[in-house]
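# Architecture at a glance
Letter by letter, the chains look like this.
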Amino acid sequence: TVGHLALYREENVDVACRHLEAWYGTMGIGGVTHTLNPRLSDADIAYIAGHGEDMLILVDATLLPVVARIAKELPLLQAVVVLTDRSVLVPASSA
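Residues numbered from 1 in each chain as written. Predicted model: local features only at pLDDT ≥ 70, side-chain atom pairs only at ≥ 80, totals over all residues. Heavy atoms only, no water.

## Things to note about the overall build of the protein
The test is simple: We count a stretch as a helix when DSSP gives it H or I for four or more residues in a row; a strand needs E for two or more, and each element gets its number in order from the N terminus. Exposure is judged per residue with a 1.4 Å probe applied to protein chains only, and the accessible area is read against the type maximum: over 50% gives exposed, under 20% gives buried, and values in between give partly exposed.
When its secondary structure is counted, the protein shows 3 helices and 4 strands. Traced from its N-terminal end to its C-terminal end, the protein shows the element sequence β-α-β-α-β-α-β. Put simply, the protein has 95 residues, and 33% of those count as buried.

Structural data, given as structure tokens:
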């Protein structure tokens, strides 16, 4: 569950997933979408996200390890939202 997350016009969002909703949702609120290519090195991905001054990363669960490794290098990053199916989620009582 995402608590309160404020994203304003022209703020930057990285997308490391294939969810079409992520693209349309970000553009629909006036955000700027950057794509992170998981085939690049961690250093290159961190540079792209850092240079883009990204505040939010939308990520597919399979790419979460990449984002976890680079998150500490992104001083403006406020949140990482994992996009996945309910079947993949672990119930809160099991966590």
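On we go from here.
## Focus on a nonpolar patch on the surface
Basically, it comes down to this: Residues qualify for a patch when their relative accessible area is over 30% and they have no salt bridge, like charges being joined within 9 Å and the nonpolar side chains of Val, Leu, Ile, Met, Phe, Trp and Tyr within 5 Å. Calculation of accessible area relied on Shrake-Rupley with a 1.4 Å probe; when residues are assessed, cover is drawn exclusively from the protein chains displayed. Any carboxyl oxygen of Asp or Glu within 4 Å of a side-chain nitrogen of Lys or Arg constitutes a salt bridge here.
Taken together, Leu-20, Tyr-24 and Met-27 make up a surface patch of nonpolar side chains, about 360 Å² in accessible area. According to the relative accessible area criterion, Leu-20 is exposed, its value standing at 53%.

## Quick notes on the pairing of strand E4 (residues 79-83)
For clarity, the cut-off: Paired strands, in this sense, are two strands between which DSSP finds at least two bridges.
Two strands pair when backbone bridges link them, and strand E3 (residues 56-60) and E4 are joined in this way by 5 bridges, in the parallel orientation. Residue pairing across strands places Ile-57 opposite Val-80, the latter belonging to E4.

## A word on helix H2 (residues 42-51)
We count it as follows: It is the directions from the helix axis to the C-beta atoms whose arc is reported.
By the burial criterion, the buried members of H2 are Ile-45, Ala-46 and Ala-49. On an axial view of H2, the arc spanned by its buried residues comes to 100 degrees, and they lie on one face. Summarising the geometry of H2, the exposed residues directed more than 90 degrees from the buried face are Ala-43, Tyr-47 and His-51. Two residues or fewer after H2 comes Glu-53, characterised by a positive phi angle close to 55 degrees.

## Details of the environment of Leu-64
Our working rule: Residues are treated as being in contact if the distance between any of their heavy atoms lies within 4.5 Å.
Counting through the fold element by element, Leu-64 comes out in helix H3 (residues 64-70). Taking the C-alpha atoms as reference points, Leu-64 and Val-81, 17 residues apart in sequence, are found 9.5 Å from one another. Apart from residues lying up to four places away in sequence, Leu-64 is in contact with Val-59, Val-80 and Val-82.

## Points about the nonpolar core
Filter applied, for reference: We define a nonpolar core as any set of buried Ala, Val, Leu, Ile, Met, Phe, Trp, Tyr and Cys residues linked to one another through side-chain atoms lying within 4.5 Å.
Leu-36, Ile-45, Ala-46, Ala-49, Ile-57, Val-59, Leu-63, Val-66, Val-67, Ile-70, Leu-74 and Leu-77 form the largest nonpolar core, which has 12 residues in total. The set of elements that each furnish at least two residues to this core consists of H2, E3 and H3. Every residue in contact with Leu-74, bar those within four places of it in the chain, is listed here: Ala-46, Ala-49, Gly-50 and Ile-57. Membership of the second largest hydrophobic core comes to 5 residues, among which are Ala-22, Leu-56, Ala-79 and Val-81.

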